Amino acid sequence: MGFDGFAIRDSNGRSGDVTLSSQMVYGHVVMADGNSWILSAVYASTTLSLRDQMWDDLQEWFAGRNLPWLVIGDFNDVLSREEKQDGCFYANRAAKFSEHLQGCQLVDLGFVGHRFTWVRRSSPRIAECLDSAVASVEWRILFPEAVISHLPQIYSDHNPILAQLGGLEDA
């Protein structure tokens, strides 16, 4: 499946662990070259208070780890009006999402591909970019060529997202 250069390591205290919660899976990725980083895969709740709790949990889990960090998945929020087509845009929710990212010192990695990652097909039709990838500056330095791609929808009402750590030539 293309996981050359990665190793699975048994947990040793807070090193090499994988943790599950109702809204995320997060773990310590150790590469064959010795570099390591944190990966958090998110499936955020549609309930705002539960999303806020997810961010508190992420920040607490990551505290003191001092490793590059990638967070990828369905955040169930948008950062700007440009990430939403039709339907109501809630500026206060976008601001709160931005505050959570700043509190965790994460930056949006951008993307190539489809602009919106979720579409409600019933009336009224709404499209949003709910799925994305954010990372610490240290993660971006570790993977300067990394590209996030929004792939075509197949079965879900969400577009899958793909992180290519070495850039588009990894395809």
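Residues numbered from 1 in each chain as written. Predicted model: local features only at pLDDT ≥ 70, side-chain atom pairs only at ≥ 80, totals over all residues. Heavy atoms only, no water.

Under an unreviewed UniProt entry, the name given to the protein chain is Endonuclease/exonuclease/phosphatase domain-containing protein, and the organism recorded is Erythroxylum novogranatense.

### Some details on the overall build of the protein chain
Check the secondary structure of the protein chain and you find 3 helices and 13 strands. Residues counted as buried form 43% of the 171 residues belonging to the protein chain. Here the contacts in the protein chain between residues at least 6 apart in sequence split such that 61% fall between residues at least 24 apart. (Helix = DSSP H or I, 4+ residues; strand = E, 2+ residues; numbered from the N terminus. Buried < 20%, exposed > 50% of the residue type's maximum accessible area, 1.4 Å probe, protein only. Contact = heavy atoms within 4.5 Å.)

### Remarks on the sheet that holds strand β9 (residues 118-120)
Read across the sheet, 3 strands follow the order β6-β10-β9 without closing on themselves; strand pairing throughout is antiparallel. Looking at the sheet topology across the chains shown, the edges are occupied by β6 (84-85) and β9. Bridge count for β6 against strand β10 (residues 126-128) is 2 bridges, and the pairing is antiparallel. By the bridge assignment, K84 is partnered in β10 with E128. (Pairing = 2+ DSSP bridges.)

### Here's the deal with the pairing of strand β3 (residues 24-31)
It is a general feature of regular strands that their side chains alternate between the two faces of the sheet. Burial analysis of β3 places 7 of its 8 residues in the buried class, which makes it a mostly covered element. Taken together, the 3 bridges between strand β2 (residues 18-20) and β3 define a ladder with antiparallel strand orientation. Among the inter-strand pairings, L20 is bridged to a residue of β3, identified as V25. Counted between consecutive antiparallel strands, the loop separating β2 from β3 contains 3 residues. Bridge analysis of β3 against strand β4 (residues 36-43) gives 7 bridges, and the strand direction is antiparallel. Of the residues in β4, the one forming a bridge with G27 is L39.

### A few points about the sheet that holds strand β8 (residues 112-113)
The 3 strands lie next to each other as β8-β12-β13, forming an open sheet whose pairing is mixed. Among the strands making up the open sheet, the edge pair consists of β8 and β13 (161-164). In this structure, β8 lies alongside strand β12 (residues 147-150), joined through 2 bridges in parallel fashion. Across the sheet, the residue bridging to V112 is S149, located in β12.

### Notes on the pattern of salt bridges
Counting across every chain of the model gives 4 salt bridges. Among the salt bridges present, the one from D52 reaches K96, with a minimum N-O distance of 3.4 Å. On the criterion of sequence distance, the pair formed by D52 in helix α1 (residues 48-62) and K96 in helix α2 (residues 91-103) is long-range, its members being 44 residues apart. You can call D52 buried: its relative accessible area is 17%. A relative accessible area of 33% means that K96 is categorised as partly exposed. Taking the shortest distance from any N to any O, the salt bridge between D77 and R93 comes out at 3.5 Å. Within this pair, whereas D77 is found in the loop between β5 (69-74) and β6, its partner R93 is found in helix α2, the two being separated by 16 residues in sequence. The structure contains a network of salt bridges with shared partners spanning R51, D77 and R93. (Salt bridge = Lys/Arg side-chain N within 4 Å of Asp/Glu carboxyl O.)

### Details of the side chain of S149
Positionally, S149 belongs in strand β12. Its relative accessible area of 7% is what places S149 among the buried residues. Within the structure, the side chain of S149 is placed 3.3 Å from the side chain of Q164, a separation counted as a polar contact. (Polar contact = N/O pair within 3.5 Å; in protein donor to acceptor, adjacent residues only side chain to side chain.)

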